[in-house]
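# Analysis of the macromolecular model
Here's the letter readout for the chains.
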Amino acid sequence: MSLTRVAESLVQDTFGVPGKARQLDGEVDLNFRVDTPQGQSYVLKLHGPDTDDQVLDLQNRVMEHLAHTELDLQVPRVVPTLDGQAMATVDWPAGPRRARLLTWLDGRPWDSSCADESGLELLGAKLGGLNRALAEFTHPAQNREDLLWRMTAADDVAQLTDEVDRELRGLVVKAFEDHDRLVAPVLGRLPWQVVHHDANENNILVDAENRPVAVIDFGDLALVPRVVELAVASAYLGVSFADPVDAVAALARGYDREQPLTTEELGVLVDLVRTRLAMSVTLAAHQGRMNPDNLYLQTSQKGVRAALERLSRVDRDLARQRLRYELGYEAEPAARSVRGYFASGAGRPAPALPGGEVQDLYEYGAQRSREEREDDGAVGHAVSRGVRVMAGTSVHAPLEAEVRTACNGLVQLAHLTDDGVEFYSSWRGVEPAAGLEPGTRLKTGDEFAQLTAAGILEIQLATHPAAVRDGFRSPVDPAQFDLWRSLHPDPWPLVPQLDPRAARVEREPTALLQRRHAHFSRAMSISYDEPLTIVRGRGARLYDHSGRAYLDLVNNVCHVGHSHPRVVEAAHRQALTLNTNMRYLHDSVVEYSHRLLELFPDPLRVCFIVNSGSEANDLALRLAHAHTQASDALVLDHAYHGNSPTQIGLSPYKFNRAGGAGCPETTWVCDLPDLFRGPHRDLPLSEQVTRYVDSVACRLDELRRLNRRPAAFFVEPLQSCGGQVILPPGYLHGAAERVRAAGALVVADEVQVGLGRVGSHAWGFELSEVVPDIVTMGKPLGNGHPLAAVVTTPEVARSFETGMEWFNTFGGNPVSAEVGLAVLDVLRDERLQANARDVGARMLGGLSELASSHPLIGDVRGAGLFVGIELSHPDSTPATQEAKLLKEAAKQRGVLLSTDGPHENVLKIKPPMVVNDHDCDEFLQVFAAALEEIEALCC
Ligand code: PMP
């Protein structure tokens, strides 16, 4: 009987699975794919007689463990035998074997030839996720002392290097020596865990776009430093990259996102990759000799050998620095000591060019053109200083030094900081003094060179010997300026005659995004599939780095228009004069309070000035607590009131969505009166209003039953985050009545909608008959400057005067106050509230017309320049995907929109108040075209 037939019958007899078998490649085990007539597929694994059951159990348990985590990769599942065991001993022609049956996973092996950096980054993230999912896993067999491939047993493999062919033996031996000397001593200090340990092309399965979907073959599982996972993947999957460090960096960036890498792990990563390549070459040679017929063992050797050669040429220090930089650490940590040495005054350089008239040629960081770089034609940003000095001028050691290089044209000196860190200065364009040679010691002020006839001196600092080995590298690739400036800081302190100002380097959008990811939390989102780099704004227009203009319908902060000259001028004028805090008398803030309060009805006549909407709402809650001596608050469903812990607790938009901790005990959520999508939408309007007011009454009853009392009802008079919802007439009045009867205050959050946006009035609450007890404001008040405010009644303010001082460092400073005044002036002088009413009406009219011919528009609603367009499918389900596509399509056509609402299906319009009829018509045209595009796409 053929082996496949034997396999088929044992799968049937042992596991109860009928099917056709086909033999697969394998290093040690015999593997068969088994396809059942029902279309299911399995892998039958037959292990040699000396296989340790404990090791097989380790594999099975890891796969089961992973299947119950949130890992974003599929893993095979273990299929039990007919009597419920995870494995069984079976008869096999060559003697009994241990058999396991695993589910087959679809996908093809990772294709290195079409992997780019973003593909590797994604894979890195998956491997980081895999490690995270295995972080707590332990098993009695995890040490795997038998496993030759164990990265912590590299010294065992190093005994086999005689078997490596001559061509690579030298590199392999060197890799093991470096491992022994530089890596092995560090491994014990790294975080250890059980890792897959064999992420090679065959074990990562991908979809048609080469995106990883599954990981298989857990035969090399072992407890090792967890960074080994990344090293193994880098060794096998980055082999097609011309610069192997690019591949390691891409994988590391992704991995780090899921499982942050420590600096010690980063310090040995590239070395570990080289160790793994050396192990692979050595073990392939060894096993090739023992087992010449098993071609599987040689599969990836061509790429591995080439990768080892390339990686052996890489400067390991520069590679480490590059990886640190990629992940947002400073490339060279010693740079801090060098900066500190000069900043603290410990390093006091003597004049390097005491007798010379020095003329700056270019600044540090300056963009250097090809013409300026006649010698090598390189372009980029300078990480050196260039000066013109008279030929023959003598150059003196600015600090004590030891000469490292003294050749025609270049002298390099080594110096020491007071805390013992060595750093270096390079002087290019000089003739070394007679007798100067490596090792010569110089005292501060010693002459060591003269300017050559060209009279041009270039000076560079270096914080690490790798940067000196690298030569005089300047200018550098703009995309990597941040890396190189750590290795070559501004050498200005060495020649203080120079202009101390360094040029500011402007990063390209790709570099910006990468540095943003390196330095900021991903909890901070960024708009659009392809993020915009906005460099300038004026009126309602924003301009990107290429000069393209966009109509901004999103920004309700730059209320009177982007970079309004009157506001900018006010800030500038006051900043040049004085900026202090409210502990002194100053006219600006008193004038501002007066002008702001003029906009409010009685009895709102006390104000507090703060810096943000969240702060305003926090203060409002404190005022309410103080006034009512109660602690609970009512809010509307889907509301957002700010980013502080307290405000997150008042924001169902946050606490009930991704990452939210649920509703706090002291918060009571009332139904949002959403006439379009709410539960009572089919009832007559008045009935709906009653139901929604009842929801408030209901919450108050619940409170009472629990013997609790409410302090406040927080409400946006038009709810922005809930999806641009206009509260129905009568609702606020009814709700406020109930709330006040229960002893609570009404807090109107006007952070988004206030200051004339609704067109007919200054404040959203004026659309109702309710005068709130507290009003909070933010975004528009400072036109982008952080200015926010709370306005309340004298009674509430009095309750807050408990003896405890209220102080806000920045709130109400004269610059903020002048900015606030300028905003109020512009609003008045340019009649922007009336503009909001008129342009808003035109927009609503145009949109309603569009709605009649585009069924995707479920609802159009708004007041003034606060407009929402809710997209719906014919069956009334939210058209979330279409909203996102429309936002992107509008952006392609030069109009910026945002989406919001619980289902992210509401297009939100809240532009600067200066949009005019022309802008409105442009938007309507773009919107109509984008709608048609999306409708065609989604039909
Ligand atoms: N309240 C509302 C209604 C808001 O929309 C926001 C901000 N989106 C805030 C409060 C918080 O304001 P800030 O971000 O200035 O803290």
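Just so we're clear, the structure is a prediction, and the values are computed from it rather than from any experiment. (Residues numbered from 1 in each chain as written. Predicted model: local features only at pLDDT ≥ 70, side-chain atom pairs only at ≥ 80, totals over all residues. Heavy atoms only, no water.)

### Topic: the overall build of the protein
Definition in use: Working definition: helices are DSSP H or I runs of at least four residues, strands are E runs of at least two. Numbering for both runs from the N terminus. Relative accessibility decides the category of a residue: with a 1.4 Å probe and only protein chains considered, values under 20% of the type maximum give buried, values over 50% give exposed, and everything between is partly exposed. Note on contacts: a residue pair is in contact if any heavy atoms of the two residues lie within 4.5 Å. Counted as positive: Lys and Arg. Counted as negative: Asp and Glu. His and the chain ends are not counted at all. Charge placement uses NZ in Lys and CZ in Arg. For Asp and Glu, CG and CD serve respectively.
When helices and strands are counted, the protein shows 26 helices and 39 strands. Overall size of the protein, expressed as C-alpha extent along the three principal axes, is 95 × 95 × 55 Å. Going through the 939 residues of the protein one by one, you find that 54% of them count as buried. Here the analysis covers contacts within the protein between residues at least 6 apart in sequence; of these, 73% occur between residues at least 24 apart. Charged side chains in the protein number 92 positive and 129 negative. The centres of these two groups are separated by 1 Å.

### Considerations on the sheet that holds strand β26 (residues 606-610)
Operational definition: Whether two strands pair depends on DSSP finding at least two bridges between them. Comment: axis = line fitted to C-alpha atoms, over the contacting stretch for helices; angle = value between 0 and 180 degrees taken between N-to-C directions.
Across the sheet, seven strands lie side by side as β26-β34-β33-β32-β29-β27-β28; this open sheet has mixed pairing. In the strand order of this sheet, the two ends are held by β26 and β28 (667-670), each with one partner. Between one strand axis and the next, the sheet turns through 20° on average, direction left out of account. Alignment of strand β29 (residues 710-715) against strand β32 (residues 745-749), held across four bridges, turns out to be parallel. Residue pairing in the sheet places F714 in a bridge with V747 of β32. With respect to the sheet, helix α17 (residues 613-628) is in contact with β26, β27 (632-636), β29, β32, β33 (774-777) and β34 (788-792), its orientation differing from that of β29 by roughly 150°.

### Quick word on unusual backbone geometry
Omega for the peptide link from S474 to P475 comes to 5°, which places this bond in the cis form. Within the secondary structure layout, P475 lies in the loop between α12 (465-469) and α13 (481-487). For the peptide bond that leads from D602 to P603, omega is 0°, which places it in the cis range. Tracing the sequence through the fold places P603 in the loop between α16 (587-597) and β26.

### Overview of the site of the ligand
Which entries qualify depends on this criterion: Proximity is defined per residue: any heavy atom of the residue falling within 4 Å of a molecule or strand makes that residue near it. The definition of a polar contact used here is a pair of N or O atoms within 3.5 Å, where within protein one atom must be able to donate a hydrogen and the other to accept one, and adjacent residues in sequence count solely through side-chain atom pairs. Exposure was quantified through the Shrake-Rupley algorithm and a 1.4 Å probe, taking into account, for residues, occlusion by the shown protein chains and nothing else. Each residue receives one of three labels: charged for Asp, Glu, Lys and Arg, nonpolar for Ala, Val, Leu, Ile, Met, Phe, Trp, Tyr, Cys and Pro, and polar for the others, Gly being one of them.
Near the ligand the following residues occur: S612, G613, S614, N617, Y640, H641, G642, E716, D749, V751, Q752 and K779. D749 places a polar side-chain atom, nitrogen or oxygen, 2.7 Å from a nitrogen atom of the ligand. Within the side chain of Q752, one N or O atom sits 2.8 Å away from an oxygen atom of the ligand. Contact with the protein chains covers 85% of the free accessible surface of the ligand, which is 390 Å². Here the shell around the ligand takes three residues from α17, the largest share from any one element. Classifying every residue of the shell around the ligand by side-chain character gives two nonpolar, seven polar and three charged.

### Digging into the packing of aromatic side chains
Rule in force here: Only Phe, Tyr and Trp rings are paired, with Trp represented by its six-membered ring, and only when their centres lie within 6.5 Å; those with planes under 30 degrees apart are stacked, over 60 edge-to-face, the remainder tilted. Charge over a ring is defined by NZ of Lys or CZ of Arg lying within 6 Å of the ring centre and within 35 degrees of the ring normal.
Inspection of every chain in the model, using the stated rule, returns 12 aromatic pairs. Plain terms: the ring middles of F342 and F423 are 5.9 Å apart, the flat faces sit at 80° to each other, and that makes the pair edge-to-face. Of this pair, F342 sits in helix α11 (residues 334-343) while F423 sits in strand β19 (residues 422-432), and the two are 81 residues apart along the sequence. Every member of this aromatic cluster is reached through a ring pair, and the members are Y341, F342 and F423. Across from the ring centre of Y543, 4.1 Å away, lies the NZ or CZ of R536, which sits over that ring.

### Some points on the side chain of N611
Examined against the element boundaries, N611 turns out to sit in the loop between β26 and α17. With a relative accessible area of 19%, N611 lands in the buried category. Here G811 takes part through its backbone nitrogen, which lies 3.5 Å from a polar atom of the side chain of N611. Other than its neighbours up to four places away in sequence, N611 contacts P786, L787, A788, N808, F810 and G811.

### What about the side chain of R97?
Looking at the secondary structure, you find R97 in strand β6 (residues 97-103). Here R97 is in contact with L30, L46, H47, G48, A88, T89, V90 and W92, once residues within four sequence places are set aside.

### Some remarks on the pairing of β32
Of all five residues in β32, five are buried, a share of seventy percent or more. Relative to β33, β32 runs parallel, the two sharing three bridges. Along β33, the bridge assignment pairs D749 with T776.

### Quick word on helix α3 (residues 117-134)
The test is simple: In this analysis, the expected span of each helix is defined as 1.5 Å times one less than the number of residues it contains.
Helix length check: α3, at 18 residues, gives a terminal C-alpha distance of 25 Å against a target of 26 Å (1.5 Å per residue), a fit within 8%. For α3, the buried fraction is high: 14 of the 18 residues fall into the buried class.

### Points about the pattern of salt bridges
A pair can form between side chains of opposite charge whenever their charged atoms are brought close. We count it as follows: Here, a salt bridge means any Lys or Arg side-chain nitrogen found within 4 Å of an Asp or Glu carboxyl oxygen.
This structure, assessed with the given rule, holds 67 salt bridges. Salt-bridge contacts for R33 lead to D35; the nearest nitrogen and oxygen are separated by 2.9 Å. Taking the relative accessible area as the measure of exposure, R33 reaches 17% and is therefore buried. Here D470 and R473 are joined by a salt bridge, their closest N and O atoms 2.6 Å apart. Beyond isolated ion pairs, a larger network of salt bridges with shared partners links E117, E121, D246, R253, R257, R322 and E326.

### Section: the sheet that holds strand β37 (residues 895-896)
The strand order across the open sheet formed by four strands is β23-β24-β25-β37, and the pairing between neighbours is mixed. Strands at the two margins of the open sheet, each flanked by one partner only, are β23 (534-538) and β37. Direction of pairing for strand β24 (residues 541-544) relative to strand β25 (residues 549-552): antiparallel, over a ladder of three bridges. Bridge pairing in β25 links R541 to L551.

What is shown is where atoms sit, not what they do.
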